[in-house]
Amino acid sequence: MTLLYLILGTVFGFVLSRSGAADYGFIQGMFLFTEFQLYGILAVGVGLTAPGIWLIKRRGRTLFGRPVTIELKALHRGNVAGGLIFGVGWSLTGMCPGPILVNIGEGKVYALAALAGALVGAGLLGSFYPAVQRPFGLPPLKVGTGEG
Amino acid sequence: MLSGRGWRLPLLSGLVLGGALSAVLGGGWEPIWALGVFDRAIGFGPAGKVAWMFAGGLLVGFGTRLAGGCTSGHGIFGLANLELPSLLSTISFMAAGIATTQVVYRVLFPLVGAP
């Protein structure tokens, strides 16, 4: 199974690299409205994922027959606040979380700094979770599960 | 249910491998310091670029955890599953990204050519 996930990750990483989603210039072009390819990539991704999720829900099992449920994401003030903070970071680095790793694989040395920052940033939220949980209405902290 | 540990590390390793494979098939892998439009318009040296990337990375890590997802978790999966938190988060990070890049490349460090 480990090999399967490694292969799935490799395919995802390859597609992110070739689609321009891990390309600093494409990201800036998307946000400057001079380059529209990534809006199309996002739309195609959503359009292909929707029927896939619908099928998985209807079947209720994985391809290997194990039961699967799709948990809904929690609705809270962090959705907007965190999204705004992430958006600034996405623009500055030209990388969202997955493409940080893709950039490192491509040999972009400066992406290692972005990875270090992202790990520290995620750790900071964990450290301050009790303080931000109530104001943002966050669910109890789950470590290592569930979120994408 | 899938346990978290069994698939995360292989999947993330695959993202690095996929990027490397793309570079190898696209003309050869090599360490890259150059960053096109960033170098032309902003032009900080290596230390400045590392600091810039680290600072941006901090916001990416903190923000995605606070939002409960990123471009793939909220933007692709959540929207495809018609989830309201994902719609709110996607609108937020697209808006913040557009605003930030517009300020960086049209106000602070205006571009001469297109990126």
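Worth saying up front: this structure is predicted, and the values here are computed from it rather than measured. (Residues numbered from 1 in each chain as written. Chains lettered and ligands numbered in written order. Predicted model: local features only at pLDDT ≥ 70, side-chain atom pairs only at ≥ 80, totals over all residues.)

With a phi angle near 60 degrees, Phe-33 of chain A is a residue other than glycine that sits in the positive phi range. With respect to the element layout, Phe-33 of chain A can be found in the loop between helix 2 (24-32) and helix 3 (37-59). You can call Phe-33 of chain A exposed: it has 11 C-beta atoms within 10 Å. Positive phi, normally seen in glycine, also occurs at Leu-82 of chain B, with a value near 55 degrees. Under the C-beta neighbour-count criterion, Leu-82 of chain B is labelled exposed, with 12 such atoms within 10 Å. (Helix = DSSP H or I, 4+ residues; strand = E, 2+ residues; numbered from the N terminus. Buried ≥ 20, exposed ≤ 12 C-beta atoms within 10 Å, placed from the backbone.)

A separate point is the interface of chain B and chain A. Taken together, the contact between chain B and chain A spans 78 residues of the former and 79 residues of the latter. Those elements that provide at least two residues to the side of chain B that touches chain A are helix 1 (4-25), helix 2 (36-41), helix 3 (46-67), helix 4 (71-80) and helix 5 (84-108) of chain B. Classifying every residue of the side of chain B that touches chain A by side-chain character gives 45 nonpolar, 28 polar and five charged. (Contact = placed C-beta atoms within 7 Å. Nonpolar A, V, L, I, M, F, W, Y, C, P; charged D, E, K, R; others polar.)

Let's shift gears to the packing of helix 4 of chain B against helix 5 of chain B. Residues and elements named next belong to chain B. Put simply, helix 4 and helix 5 touch, their axes get as near as 8 Å, and they point 145 degrees apart. Crossing of helix 4 over helix 5 shows left-handed handedness. Where helix 4 abuts helix 5, its residues His-74, Gly-75, Gly-78 and Leu-79 lie against Pro-85, Ser-86, Leu-87, Ser-89 and Thr-90. In the contact of helix 4 with helix 5, the residues fall into three nonpolar, six polar and no charged. (Axes fitted to C-alpha atoms, helices over the stretch in contact; angles between N-to-C directions. Left-handed = near helix turned anticlockwise from the far one by under 90°.)

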